[in-house]
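# Coordinate inspection notes
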There are 6 protein chains.
Amino acid sequence: MGKIVTYGEILQRWSPPGALRIGQGDEWEGQFGGSEANVAVSLAILGNEVGYVSRIPGNAVGDACIRRLKYFGIDVSGIVRGGDRLGTYYFEKAADLRKSIVVYDRNGSSFWSCTPGMFPWKDIFGGCSLFHCSGITCAVSRQAADTTFEAVRTASEMGLRITCDINYRRNLWKYEGADAQGTLHELMQYSDFIFGDQDEWEVATGLPKISEEGMRADSALDMEAYGRYFEQMHRQFPGCSSMMLGLRNQISTNHHTLSALLWHRGTICTTRIFDIEDIVDSVGVGDAFVAAYIHASGKWPDDPQRCLDFSTAAAMLKNSIVGDFNLVNEEEISSWI
Amino acid sequence: MGKIVTYGEILQRWSPPGALRIGQGDEWEGQFGGSEANVAVSLAILGNEVGYVSRIPGNAVGDACIRRLKYFGIDVSGIVRGGDRLGTYYFEKAADLRKSIVVYDRNGSSFWSCTPGMFPWKDIFGGCSLFHCSGITCAVSRQAADTTFEAVRTASEMGLRITCDINYRRNLWKYEGADAQGTLHELMQYSDFIFGDQDEWEVATGLPKISEEGMRADSALDMEAYGRYFEQMHRQFPGCSSMMLGLRNQISTNHHTLSALLWHRGTICTTRIFDIEDIVDSVGVGDAFVAAYIHASGKWPDDPQRCLDFSTAAAMLKNSIVGDFNLVNEEEISSWI
Amino acid sequence: MGKIVTYGEILQRWSPPGALRIGQGDEWEGQFGGSEANVAVSLAILGNEVGYVSRIPGNAVGDACIRRLKYFGIDVSGIVRGGDRLGTYYFEKAADLRKSIVVYDRNGSSFWSCTPGMFPWKDIFGGCSLFHCSGITCAVSRQAADTTFEAVRTASEMGLRITCDINYRRNLWKYEGADAQGTLHELMQYSDFIFGDQDEWEVATGLPKISEEGMRADSALDMEAYGRYFEQMHRQFPGCSSMMLGLRNQISTNHHTLSALLWHRGTICTTRIFDIEDIVDSVGVGDAFVAAYIHASGKWPDDPQRCLDFSTAAAMLKNSIVGDFNLVNEEEISSWI
Amino acid sequence: MGKIVTYGEILQRWSPPGALRIGQGDEWEGQFGGSEANVAVSLAILGNEVGYVSRIPGNAVGDACIRRLKYFGIDVSGIVRGGDRLGTYYFEKAADLRKSIVVYDRNGSSFWSCTPGMFPWKDIFGGCSLFHCSGITCAVSRQAADTTFEAVRTASEMGLRITCDINYRRNLWKYEGADAQGTLHELMQYSDFIFGDQDEWEVATGLPKISEEGMRADSALDMEAYGRYFEQMHRQFPGCSSMMLGLRNQISTNHHTLSALLWHRGTICTTRIFDIEDIVDSVGVGDAFVAAYIHASGKWPDDPQRCLDFSTAAAMLKNSIVGDFNLVNEEEISSWI
Amino acid sequence: MGKIVTYGEILQRWSPPGALRIGQGDEWEGQFGGSEANVAVSLAILGNEVGYVSRIPGNAVGDACIRRLKYFGIDVSGIVRGGDRLGTYYFEKAADLRKSIVVYDRNGSSFWSCTPGMFPWKDIFGGCSLFHCSGITCAVSRQAADTTFEAVRTASEMGLRITCDINYRRNLWKYEGADAQGTLHELMQYSDFIFGDQDEWEVATGLPKISEEGMRADSALDMEAYGRYFEQMHRQFPGCSSMMLGLRNQISTNHHTLSALLWHRGTICTTRIFDIEDIVDSVGVGDAFVAAYIHASGKWPDDPQRCLDFSTAAAMLKNSIVGDFNLVNEEEISSWI
Amino acid sequence: MGKIVTYGEILQRWSPPGALRIGQGDEWEGQFGGSEANVAVSLAILGNEVGYVSRIPGNAVGDACIRRLKYFGIDVSGIVRGGDRLGTYYFEKAADLRKSIVVYDRNGSSFWSCTPGMFPWKDIFGGCSLFHCSGITCAVSRQAADTTFEAVRTASEMGLRITCDINYRRNLWKYEGADAQGTLHELMQYSDFIFGDQDEWEVATGLPKISEEGMRADSALDMEAYGRYFEQMHRQFPGCSSMMLGLRNQISTNHHTLSALLWHRGTICTTRIFDIEDIVDSVGVGDAFVAAYIHASGKWPDDPQRCLDFSTAAAMLKNSIVGDFNLVNEEEISSWI
């Protein structure tokens, strides 16, 4: 597979250590993460040539952020420096039955204010084979949405394969005239591969989800229902060759079951349901699915079952890693399939 | 509801970090806590006007302790400075199947040596509607017990509603002539609301407990037996309008089930049994029950079911919080009822 | 002295631990601070009744910030909750001969967007005797400047004594039409006491400063020159009864000399020059001067020498304290005078 | 029981804190541990007189290692200082379903290069009653193996009781001509007590193991099969009076079941199967079995059931302790039997 | 030299990390230390056989304390377990020009309540050549003072050499009838070697001190005055063969000059004045002097100059060590003489 | 300037935090560093294209090491994976007047065992303009020395500019037949630029050094003596166009003066003597000189004075940075010249 490019916003995340709440103590963990950067990091660890495109302020905080990406060998030459600030958010981790808290602080960020024309997409995409983006970039601000479409149209014209994570966040999409479903639906039209969990597919397609809230490791999925479901989805996105539906049941904060379904050119694959009892950090599980699938589909394009097994094992392992990035290599993932 | 006053000893707690044992490393966590202070903090977070009364030494450690109480907006004007030392204890947390260790070091503390006449109760109670105390203050020393009765009698004369947590600790009550059952029984006579777990009610009443050691989330309680039990309790404390029985089954150190029963003017309410798999810190669960009930009974005096549901959810959430204080607000508790 | 009110922006400060640079490690120290809040904290520790007024977002981060103020017994009832975000800044501490780095991230903060009419100044100032503000609030945004003048005019009309720290920051005052000198000059007209260091007095008055860059513990100041200097300043601010000029010479990052001059109704006082060899944290030294002077001038109104000695000792001690707040009490300060 | 001597290699272990992976951050935990040192520490905590023999470099790292042993009251006079380096290994802890990583770095260590003649065994064993060693010392290097046999033969001639832990590690035994099974079989011939888990007994005897992979707390073991199995083992080691088979089923990283079987002079004892849901650190569980059995068999030589119960409870408690050493005392262990 | 015994109270010390004040954060450093234990640790590191005698409670905290002593190879068989609590103190380190704070919490400790008859002194002193004690043990409580004299008399009768550190603490000596000067004077009569700084010698002898407040590295001491001073001291303690006077000038918290004078059988020795610019921890400097002198005087009994040089270098190095114990060996000390 | 390549060993460094000694606590800092890697990192931060060549083991520790280099944008494609272990060393930092301790543990490392033929030098040097190496690589093992000469000869043949740091370490050069002076002298013959401090130049040339032990910020250097000295050096290395002599006087552990002299084609330049009072970490100061000079000489080839000023300022700033790498950029350095 040739070079892969991903595009989106990377954020500074502030979390109190361990199970502490915001306000308990002055010590914080500050980490970088963001959906498309997470995908880029995974793909780089899996051995791919990867570029990441974003807009990052020209200060010491921006420098640190960019070095963290370089650490994984990512090409950062497509990053534009400028704007006022790096987007941030406060994240109080869930503990026991207590829910997590996210306080977004992204308004006015360098990415939030990026506009069409800022990125030389033709240069960026030169020599590349795949462009990955996600719905979250369209949720930040109107100008960020416009820029995303500019990117995706250029990639499409240049013949790159396009992949997309629906990545719907209810507490974004706040700008005037924001239309999550319309925008997401339009964005997905460019994609050869779409990923989403049950709620996200519902938002992107308007089709009612088939809930798996009670899913246990030995549950049986209603494959007939899923068959009809994928058929309807396929009608909405006829140009898309692969669609993945992530399944996660949160039994408690640290105890999830995890699986996924893959529709590939008319065939549906299922895989093992993992029982994950002692979750370390579940942020970035969706990104782990996506990155592993992109990698696998490049390596084993005619073996969707293997692609699904590999992706799900990668996503399962993400739950054991501190931070957003899925720091596992191909050998570790493959030992589970 | 008007201003609430609580009275008792607040201690410095020394714990090794994480699962370390005493003697593993030189780093310690030092936190403040004590049953009645915990109740005061919860009530303050829930939006009530609260005063806390105690005796605390006039040194830098005492200053830090008092500021921690102010942090939550508690009125500390009733605190008397004096005496030799702040009571302390060493607390090695339980881990896995290994039990916790408590080494009390409270003898000779400023609170231990407080005597009747030290606190201007009439001034303190002026404009207040409720006084909360617990049996543990009578267990520290004879003079502390005498002072507790001085407080409770004054509060009673001034018409305050009195609430009490039985709070029996086997390894206190060591002073000469200490009589746990007699003292607790007498103290409870003043109370409009009494809280205790199964063992505590047994000590306070002499009635054999109805054990719930095997309680699971789907267990059915023997409500007939509890009916007879509450009837007998009611006969012992005829002036008490509400009695709560906390139910906790420790499946393992970090896995408890939790529920409670409430008798309110002849009616018994039950509530959900919570299955808490990943406990962070279970110290102060009883205090969480009490504070939430005091708050709820002031807000919904005619809805004992809601009061019980609210109290139990608050107590469940305490298990997710580091330290003694139940740092959850009304909205977070209410989301569970 | 009656109740004191201060008004300004409080910020979340992010610093790498010790001598680490931004980007070295994921561990951060997160503390709250801001000039006028620092003054409020000092005054509260010195035993005064203090209220703090600001605009703070209605989220968990805002809650933590407000509790930190309560910790010191500050009245927070004048704080208005609202707006998008708490202002923040990144602060990389200086080390050795390497300079510190400040990356401001204050645009769009809750305080930045406060406007006249948001604060019920008449209610806030009821029963108060002194209002303290600083020039930095006028540097944040036009609407913040307008609100500051609204406050200062109301305070003036209600007969409060007004004190002001010039607090000039070159890298603020960025909004359209910002005029530092004009604005500061106008603000100072309301003040009975003005504080500034040499550069700040130069900005506020346009008079060239008398530099003390080479000041050592045994230097002799040119008192004649200062006499003329204060005379000129007095002509610009004829209603001001006391003017303080802070003197600091940064021999190296951790080695400063520190002193001050006080003009009080025509008399100039000098005090000891401190030689501070091992500075822990020099943020908030100016605020320490101001708070100690306000306290001292209330206590010993006819003893300007004592007021100056007390203020300078307080400012010296601030250099030994981690964080913005000057956590020293009257006894500790007085031991130096 | 008289003085006990153990002999082996003690290593410096480098681990990232918590669930972090190697490469996440610059902070590390550095601890000492090694099978026979772990046994020595446990025996010392249980109140026995214990000596530990090894070869440790004559530098500051070696000094720290030896002091750590003294901390537990172990006689270190048999330790020979010399050689180039202390053996080390990197240990990335398992988390969730992610497996642990061990990177051995033991080549060229002071112990690796120890040779027969370096230790004055006759002096060391003077006044001692028991010598404990393990198969791992023969796996490090040929010269270390030769030295082990020198020790065990001397101990045998001097009439000491000999105990041995099979302690097979697949990724050692790398030196030229290494023969794990032959060497282990020969070493065991000297032993009065042999410990091993299922895989280790298989390596030492060549007999296929009776797997207990699905063992749950309520499983029933096939005692007939174990009867035949122990009989065959007894034929291979006719001079051995007690053989223990540790049973551990790793349901997940932090959730094991644990039990053991003991053959003692023809009788087989079984004990409780512990369900350990929240494992803190499972390193050294085998050593905990061994140390507790040596202690118990000296105290209650005619009560094999009690010895087995005591050993298994000790091993269970090890799972709750950070580091290699089983920091539990006799009272804590006895509370479980 | 034969075995050395020291006797006194060892305390748990609680300190906030770095330059933090009590009340800033919940993290604490907990270390053990006490004058005579510090001497014992130094002597053990220097290669001597050492026993330490004290009374320590029979709980987990006491166990940890005793293991810390064993860590250095100290014989702890003379320690009696019992009493209520380990003495503690809070220690806020000095920073910059801010002074340190000590909050003692020793009343009612196991050592405080020790009485004559509790320690089998004759057994303890069997085979020993030197007994070291200090004036601080007589300052804790009357019964502790009585026990000290019991020890010193027995040692004297058994012919041990006795050494004593005056160790005067103004904020102890609080018990009824306490007489610091009389008691210290009497205690010193038993000593062959006495150590004290200028203030301590003044208290013990009533002779006005020769202050060295301005001492710099190149200062010249007034040796005539010291000659007369030592002559007077010698008349008060005619049986004492060596008297050491420690000289320390605290230029600032972290910048001291350090030296000492030694009177040995009529001769006065002087040594280098060290200029110590970056002090890490100055607690235990006196104990470092004493331990090094005891060691040196055993090794080079006829070379008082070398003894003084060695002691002063050891004391200088203590300033570079975290905690009470002087973790430097003979080679490191000797490199400075 | 074109691409730069550096070659050498990178090590894992283990240090106790702060002023702690080895053996105080279980927490360690683990960082990567090594002379030539340090140069590579500095050059990359200064904006150059840099490759680093070494041999690093194919395990998780090696992966982490390589990512750390990528973090700074260094090309790691010339690194060969293989061998047994990453070289390490224990580093106890100096504190106050206590000296640092280095315990090397490099024998048998992947770099130690590298041999000629392992690196495809012709490919590596393709398109490069400068090769930097240092004398330390010849000190590790004979085979490492041979490989260094293989590299330097190839670079020379391919016309690259060669720079060399003498980098003499007394406690290396231990292999049989090692000849420091002969080897270093031969290596320097290839260099266009040589760096060394006074001791290193003495070893490399055999010429007695001109000591600057007493150098203060206002000292005057004996330029005549240096003139003769450089002339003699030039005669030994006639092909070398620039020679730098670093001057450092360690007044105390944390207080150094720092300067340098540069001989460039017959001209000698001097620069400011920096007085550095509060050193954070002085490891890598020499590497900072070298990297900054290489950068400056590429940028301002005809301005040796500016090159020297820039190099010395860079080296001065290194003293303020934690770890081996000089994390300062061109702007920060230039602010000092």
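So, here's what we can say about the structure. (Residues numbered from 1 in each chain as written. Chains lettered and ligands numbered in written order. Predicted model: local features only at pLDDT ≥ 70, side-chain atom pairs only at ≥ 80, totals over all residues. Heavy atoms only, no water.)

## Considering the interface of chain D and chain B
This is how the line gets drawn: Here, residues are in contact when the closest pair of their heavy atoms is within 4.5 Å. Here's the idea: put two parts together, see how much 1.4 Å probe accessible area each one loses, and the total over both is what we call buried area. Should a side-chain nitrogen of Lys or Arg be within 4 Å of a carboxyl oxygen of Asp or Glu, the pair is scored as a salt bridge. Only runs of H or I of at least four residues qualify as helices and only runs of E of at least two qualify as strands under DSSP, and these elements are numbered from the N terminus. Classification convention: Asp, Glu, Lys, Arg as charged; Ala, Val, Leu, Ile, Met, Phe, Trp, Tyr, Cys, Pro as nonpolar; all other residues, Gly among them, as polar.
With 19 residues of chain D at the contact, the number on the chain B side is 14 residues. Of all residues in chain D, D:D278, D:S320 and D:V322 give up the largest surface area on contact with chain B, accounting jointly for 35% of the area buried on that side. Put simply, D:E332 and B:R21 hold a salt bridge, and the shortest N to O gap is 2.5 Å. Elements that contribute at least two residues to the side of chain D that touches chain B include exactly β15 (274-276) and α10 (304-318) of chain D. The element best represented in the side of chain D that touches chain B is β15(D), accounting for three residues. Here the residues of the side of chain D that touches chain B sort into 12 nonpolar, three polar and four charged.

## Some thoughts on the relation of the copies chain D and chain B
Note the threshold: To superpose the copies, least squares is applied to the C-alpha atoms of every residue with a pLDDT of at least 70 in both.
Turning chain D through 120° and shifting it by 0.0 Å along the axis lays it on chain B, with an RMSD of 0.0 Å. Both copies are brought into coincidence by an operation consistent with a three-fold rotation axis. No C-alpha of chain D approaches the rotation axis more nearly than that of D:D278, which lies at 5.2 Å.

## So, unusual backbone geometry
Spelled out, the test is: Note on classification: 1.4 Å probe, protein chains only; a residue is buried when its accessible area is under 20% of the maximum for its type, exposed when over 50%, partly exposed between these limits.
Look at B:D96: it is not a glycine, yet its phi comes out positive at around 55°. Mapped onto the elements of the fold, B:D96 is located in the loop between β7 (88-92) and β8 (101-105). One non-glycine residue with positive phi stands out, namely F:N167, at about 50°. In this fold, F:N167 is placed in the loop between β10 (161-165) and α6 (180-188). The exposure class assigned to F:N167 is buried, which follows from its relative accessible area of 4%.

## Here's the deal with the sheet that holds strand β3 (residues 27-33) of chain F
How we decide: The rule for pairing is simple: two strands pair if DSSP sees at least two bridges between them. Here the axes come from fitting lines to C-alpha atoms, over the contacting stretch only for helices, and the angles between their N-to-C directions go from 0 to 180 degrees.
The sheet built from eight strands is open, its strands ordered β8(D)-β7(D)-β2(D)-β3(D)-β3(F)-β2(F)-β7(F)-β8(F) with mixed pairing. Of all strands in the sheet, those with a lone pairing partner are β8 (101-105) of chain D together with β8 (101-105) of chain F, marking the two edges. Between one strand and the next, the sheet's axes are offset by a mean angle of 30°, whatever the strand orientation. Direction of pairing for strand β3 (residues 27-33) of chain D relative to β3(F): antiparallel, over a ladder of three bridges. Its bridge partner being in β3(F), D:E27 is matched across the sheet by F:E29.

## Overview of the packing of aromatic side chains
Cut-off, in case you're wondering: We call Phe, Tyr and Trp rings a pair once their centres come within 6.5 Å, taking the six-membered ring for Trp, and we label the pair stacked below 30 degrees between planes, edge-to-face above 60, and tilted otherwise. Consider the ring centre and the ring normal. A charge sits over the ring if Lys NZ or Arg CZ is within 6 Å of that centre and within 35 degrees of that normal.
A full pass over the atoms with the stated rule returns 122 aromatic pairs over all chains. Considering the side-chain rings of A:W28 and C:W14, the 5.1 Å spacing of their centres and the 90° angle between planes classify their relative orientation as edge-to-face. With A:W28 in strand β3 (residues 27-33) and C:W14 in strand β2 (residues 11-15), this residue pair bridges two chains. Its relative accessible area of 5% is what places A:W28 among the buried residues. Judged by its relative accessible area of 1%, C:W14 is buried. With a centroid separation of 6.5 Å and an interplanar angle of 50°, the aromatic rings of E:Y89 and E:F91 are classed as tilted. Accessibility classification places E:Y89 together with E:F91 in one group, the buried group. Chaining the aromatic ring pairs together yields one cluster made of A:Y7, A:F111, A:F119, A:W121, A:F125 and A:F131. Here the basic side chain of C:R68 rests over the ring of C:Y71, its NZ or CZ set 4.8 Å away from the ring centre.

## Side note on the interface of chain C and chain A
Basically, it comes down to this: Contacts described as polar in this section are N or O atom pairs within 3.5 Å, which, within protein, must combine one atom able to donate a hydrogen with one able to accept it, while residues neighboring in sequence count only if both atoms come from side chains.
Between chain C and chain A, the residue contacts involve 22 residues of the former and 22 residues of the latter. When chain C packs against chain A, the two sides together hide about 2000 Å² of surface, and 56% of this comes from carbon and sulfur. Ranking the residues of chain C by area buried against chain A places C:W14, C:D26 and C:W28 at the top, with a combined share of 25%. For the pair chain C and chain A, the number of links is two salt bridges. The partner of A:R85 in a salt bridge is C:D105, and the shortest N-O contact between them spans 2.5 Å. If you look at where chain C meets chain A, you find five residue pairs in polar contact (both at pLDDT 80 or more). Secondary structure elements with two or more residues in the side of chain C that touches chain A: β2, β3 (27-33), α2 (60-71), β7 (88-92) and β8 (101-105) of chain C.

## Observations regarding the packing of helix α6 (residues 180-188) of chain E against helix α7 (residues 198-205) of chain E
The relative placement of two packed helices is expressed as an angle between their axes plus a distance between the axes. Residues and elements named next belong to chain E. Inclusion rule: Angle categories are assigned with fixed cut-offs, so that under 35 degrees is roughly parallel, over 145 is roughly antiparallel, 65 to 115 is roughly perpendicular, and the rest are oblique.
For the pair α6 and α7, interaxial distance at closest approach is 7 Å and the crossing angle is 95°. Comparing the axis directions of α6 and α7 gives the class roughly perpendicular. When α6 is examined against α7, the residues Q181, L184 and H185 are found in contact with a partner set consisting of V203, A204 and T205. Each residue belonging to the contact of α6 with α7 can be placed in one class, and the counts come to three nonpolar, three polar and no charged.

## Remarks on the packing of helix α7 (residues 198-205) of chain D against helix α8 (residues 223-236) of chain D
Residue and element names in this part refer to chain D. Note the following rule: For any pair of crossing helices, the crossing counts as left-handed if the nearer helix is rotated counterclockwise from the farther one by less than a right angle, and right-handed if it is rotated clockwise.
Between α7 and α8, whose axes approach to 11 Å, the crossing angle comes to 40°. In terms of axis orientation, α7 runs oblique to α8. When the axes of α7 and α8 are compared, the crossing they make is left-handed. On the side of α7, the interface is formed by Q198, W201, E202, A204 and T205, while α8 contributes Y226, Y229, M233 and Q236. In terms of residue class, the contact of α7 with α8 is built from five nonpolar, three polar and one charged.

## A closer look at the pattern of salt bridges
Scanning the entire structure with this criterion turns up 108 salt bridges over all chains. Measuring nitrogen to oxygen at the nearest pair gives 3.0 Å for the salt bridge that ties C:E9 to C:R106. Here the residue C:E9 occupies a position in the loop between β1 (3-7) and β2, and C:R106 occupies one in the loop between β8 and α3 (121-125), the gap between them amounting to 97 residues. Owing to a relative accessible area of 5%, C:E9 belongs among the buried residues under this scheme. Assessed through its relative accessible area of 6%, C:R106 is described here as buried. The partner of D:E200 in a salt bridge is D:R169, and the shortest N-O contact between them spans 3.7 Å. With D:E200 in helix α7 and D:R169 in the loop between β10 (161-165) and α6 (180-188), this residue pair connects regions lying 31 residues apart in the sequence. Note on D:E200: relative accessible area 7%, which makes it buried.

## Focus: helix α1 (residues 35-45) of chain A
Residue and element names in this part refer to chain A. Summarising burial for α1: 11 of the 11 residues are buried, a large majority. Among the residues of α1, S35, E36, A37, N38, V39, A40, V41, S42, L43, A44 and I45 are the ones counted as buried. Count one or two residues on from α1 and you reach G47, which has phi positive near 105°.

Just distances and angles here, no functional claims.
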